[in-house]
Amino acid sequence: MTDSVDAEILEGIARLDPAPPDLDERVLFAIELDQVDAEVARLTETAYAGSGARAAERTRTITFEADSRTVMITVVERSDNLVRIDGWLAPGAALRVELRLPEPTASRTVVADPAGRFVFDEVPHGLAQLLVDGGTGTGRVVTPSLVL
C-alpha cells in the first residue's frame, strides 16, 4: 500500500527517469531465445568513429568475449538508413552465425569463412543479437542484445 508521499516520489522518478519506450520489446526479445544452452558473451569494448573514405560514414566497433570465443563486429551506417555488419570470430573458424532480429523481421544466417570473417548487409536499425554455433568441442555463444 502506498501513501501520498510514496506516490509523489514514484511520479517524480517516472517523470525524471522514464523507462525506455521499447523496454517491453527489448525484454521479450531477450527472453525468447530458445537456445538456452548457449554461453553468453560479455560486452568488453565499444568504439565509435565517423570517417573512412566517406566523411558521412559512421562506424561502431563492438567486441564480445566468452570463454570459448571472441566476436568482434563493426556496424557501418549506410546512406539508405540501413547498416552493414562486418564480423570476425576468434579463434577463426567456418561457423554458422545467426543474426537474430525481432519479429516480424526474419533472422538471417551466414557461415563465416575459415578465418572467421562474416558479413550481414542491408540490416535494419533496431534490436539485434548474434548466435554463433560452436565448433568441435565448444558450445554455442550468444551476444547480449544490442541496438543497431
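Owing to the predicted nature of the structure, the values given are computational and were not obtained by experimental measurement. (Residues numbered from 1 in each chain as written. Predicted model: local features only at pLDDT ≥ 70, side-chain atom pairs only at ≥ 80, totals over all residues. Heavy atoms only, no water.)

**Student:** Would you mind going over unusual backbone geometry in detail, with residue names and values included?
**Tutor:** Where the residue is not glycine, phi is negative for most of them; where a peptide bond is considered, it is trans in most cases. A cis amide bond links Ala90 to the next residue, Pro91, at an omega of 0°. One can find Pro91 in the loop between strand 5 (82–90) and strand 6 (96–100). Positive phi is not limited to glycine here, since Asn81 has a value of about 70°. Mapped onto the elements of the fold, Asn81 is located in the loop between strand 4 (70–77) and strand 5. A positive phi angle, near 55°, is found at Glu122, a position not held by glycine. (Helix = DSSP H or I, 4+ residues; strand = E, 2+ residues; numbered from the N terminus.)

**Student:** Kindly report on the pairing of strand 3 (residues 58–65), identifying the contributing residues and their values.
**Tutor:** By the bridge criterion, seven bridges tie strand 3 to strand 4 in an arrangement that is antiparallel. Within strand 4, the residue paired with Glu65 across the bridge is Thr70. Joining the antiparallel neighbours strand 3 and strand 4 is a turn of four residues. (Pairing = 2+ DSSP bridges.)

**Student:** Pulling in residues and values, what's your account of the environment of Pro124?
**Tutor:** Turning to its location among the elements, Pro124 is positioned in strand 8 (residues 117–124). Here the alpha-carbon distance between Pro124 and Val83, two residues 41 residues apart in the chain, equals 6.4 Å.

**Student:** Now, about the pattern of salt bridges: what can you tell me, with residues and values included?
**Tutor:** Scanning the entire structure with this criterion turns up eight salt bridges. Where Arg78 meets Asp80, a salt bridge forms, and the shortest distance between an N and an O atom there is 2.4 Å. Taking the relative accessible area as the measure of exposure, Arg78 reaches 25% and is therefore partly exposed. Asp121 is the partner of Arg78 in a salt bridge, and the nearest nitrogen-oxygen pair spans 2.8 Å. One end of the pair, Arg78, is in the loop between strand 4 and strand 5; the other, Asp121, is in strand 8, with 43 residues separating them in the sequence. One network of salt bridges, in which partners are shared, links Arg78, Asp80, Arg84, Asp86, Arg117, Asp121 and Glu122. (Salt bridge = Lys/Arg side-chain N within 4 Å of Asp/Glu carboxyl O. Buried < 20%, exposed > 50% of the residue type's maximum accessible area, 1.4 Å probe, protein only.)

**Student:** Please set out the pairing of strand 6 residue by residue, giving values where relevant.
**Tutor:** Judged by how many residues are buried, strand 6 sits mostly within the fold: four of five residues are covered. Note that strand 6 and strand 7 (residues 108–111) share four bridges and pair antiparallel. Counterpart to Leu99 in the pairing with strand 7 is Arg108. Sheet topology note: the strand 6/strand 9 (residues 127–132) ladder contains four bridges and is antiparallel. Among the inter-strand pairings, Arg100 is bridged to a residue of strand 9, identified as Gln129.

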